[in-house]
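Remarks on the overall topology
Letter by letter, the chains look like this.
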Amino acid sequence: MPDHRRVFLTPPWPEIYGTDPERRHGLDAALAEYERLLEAYPALGYEVVVLPKASVTERAEFVLATLAA
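Residues numbered from 1 in each chain as written. Predicted model: local features only at pLDDT ≥ 70, side-chain atom pairs only at ≥ 80, totals over all residues. Heavy atoms only, no water.

Next up on the list: the pattern of salt bridges. In this structure the tally under the stated criterion is four salt bridges. In this structure, E15 engages K53 in a salt bridge whose closest nitrogen and oxygen atoms are separated by 2.8 Å. Highlighted residues: E15 in the loop between β1 (6–9) and α1 (27–43) and K53 in the loop between β2 (47–50) and α2 (56–68), separated in sequence by 38 residues. Take E15 and K53: they sit in the same class, and that class is exposed. Residue E33 is joined to R36 by a salt bridge in which the shortest nitrogen-to-oxygen separation is 2.7 Å. With E33 and R36 both in helix α1, this residue pair falls three residues apart, about one helical turn. We classify R36 as partly exposed; its relative accessible area is 48%. A single network of salt bridges, built from pairs that share partners, joins R5, R6 and E47. (Salt bridge = Lys/Arg side-chain N within 4 Å of Asp/Glu carboxyl O. Helix = DSSP H or I, 4+ residues; strand = E, 2+ residues; numbered from the N terminus. Buried < 20%, exposed > 50% of the residue type's maximum accessible area, 1.4 Å probe, protein only.)

Structural data, given as structure tokens:
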């Protein structure tokens, strides 16, 4: 069992997704990788928590509230 078993994932959001020299793959590849991670992490003993589609402040508050629970 991992030491820190909770993993926060942010889905690729089409509204803000972009490519640049460091992120060369497109949205389809990002969505496929996200789906693989959703399956792989639990199989490795992690609890996946998907971040809500919200502002940065709201997501930060969500992470802090989740960690405090």
